[in-house]
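# Close look at the chain arrangement
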Amino acid sequence: MRIAVAGGTGTVGRHVVETARGRGHEVVVLSRSVGVDVLTGQGLDAGLRGADAVIDTVNATTLSTRKAVAFFERSTTQLLDAGARAGTGHHVTLSIVGIDGIDTSYYAGKLAQERLVAASAVPHTIARTSQFHEFAQQIARQTTLGPLTIVPKTLTRPVAAREVAEHLVMIAEGAPRGRVTDLIGPRDEVLADMVRRMYAERGIRRRVLEMRFPGAYGRGLASGALRGDGSAETATIGFDEWLRARPLAES
């Protein structure tokens with residue numbers, strides 16, 4: 001197959017590219033680093049020409065509801081429109097488990113994205129997964145002030161980005177299915193504990209303070225909704241196993 005990967009240099013996207021190539025597919029990376037902009041549409045028509053499937057892993061780092069919705073609506077509309085022009089047979093969108101009751105902040109953007117994809121005439125699959133193991137590192141980078149890291153109270157069931165990538169590629173190889181079974185990690189976790197174990201693994205001496213964030217966003221993080229439910233498919237790589245096998249350099 002010829003598979004286009006939007007956000008192909010990101011946390012999940014780079015694993016999608018590697019996995020797809022390893023399975024014998026021709027891969028086209030859609031990212032600004034190669035001259036493709038999903039917000040303006042620049043390079044999309046050329047990138048999707050002849051593509052059998054597109055896997056959308058594009059991401060934005062923002063807690064602003066307005067910015068998140070604007071980003072995901074714009075990028076998704078551009079990808080869907082370009083896919084329709086190219087006659088792409090399968091549009092695969094990566095989303096997040098448990099966000100239906102958290103229609104605010106970043107998750108409002110993902111829900112807006114899902115609605116656009118579901119309403120599109122382009123054949124599609126929406127694949128929800130839980131947060132990634134890499135999320136602990138991302139949060140630590142954003143919330144560390146000197147010797148202190150402040151972590152929002154978050155109940156999660158994290159999954160390795162590589163396993164998410166394998167999941168997405170296998171979906172792209174098949175027929176469009178609308179909404180597929182969620183994918184979650186093998187064990188329940190608390191985000192602050194994940195950050196503490198990450199620091200311990202690296203020999204970093206830094207205090208980790210857990211705080212419940214205010215409003216609907218904070219309630220959603222702390223509710224356990226992001227852990228998914230018993231109907232989900234379960235991945236195999238736990239956080240500690242992932243951490244020992246692939247420690248990340250501190251920035």
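Residues numbered from 1 in each chain as written. Predicted model: local features only at pLDDT ≥ 70, side-chain atom pairs only at ≥ 80, totals over all residues. Heavy atoms only, no water.

Time to look at the nonpolar core. Core analysis: the largest hydrophobic core is formed by 25 residues, its most contacted members being Ala4, Leu30, Leu44, Leu79, Tyr107 and Leu226. Of all the secondary structure elements, the ones that give two or more residues to this core are strand S1 (2–6), strand S2 (26–30), helix H2 (44–48), helix H3 (65–86), helix H4 (105–119) and helix H8 (215–223). With four residues, the single largest contributor to this core is H3. The residues contacting Leu30, other than those within four sequence positions of it, are Ala4, Val5, Ala6, Gly7, Gly8, Val36, Leu44, Gly47, Leu48, Val54 and Leu79. Counting 24 residues, the second-largest nonpolar core is a separate cluster that includes Val12, Val17, Ile55 and Val164. (Core = buried A, V, L, I, M, F, W, Y, C linked by side-chain atoms within 4.5 Å. Buried < 20%, exposed > 50% of the residue type's maximum accessible area, 1.4 Å probe, protein only. Helix = DSSP H or I, 4+ residues; strand = E, 2+ residues; numbered from the N terminus. Contact = heavy atoms within 4.5 Å.)

Looking now at the side chain of Ser95. Of note, Ser95 is situated in strand S4 (residues 91–96). Classification of Ser95 as buried rests on a relative accessible area of 2%. There is a polar contact of 2.5 Å between the side chain of Ser95 and the side chain of Glu114. Apart from residues lying up to four places away in sequence, Ser95 is in contact with Lys110, Glu114, Ile126, Ala127, Arg128 and Thr129. (Polar contact = N/O pair within 3.5 Å; in protein donor to acceptor, adjacent residues only side chain to side chain.)

On to the confidence of the model for the protein chain. Regions with low pLDDT should not have their predicted coordinates read in detail. Across the protein chain, the average pLDDT comes to 94, with 98% of residues at or above 70. With pLDDT under 50 throughout, residues 247–251 is counted as low confidence; its partners more than four residues away or in other chains account for twelve contacts. (pLDDT = per-residue confidence, 0-100.)

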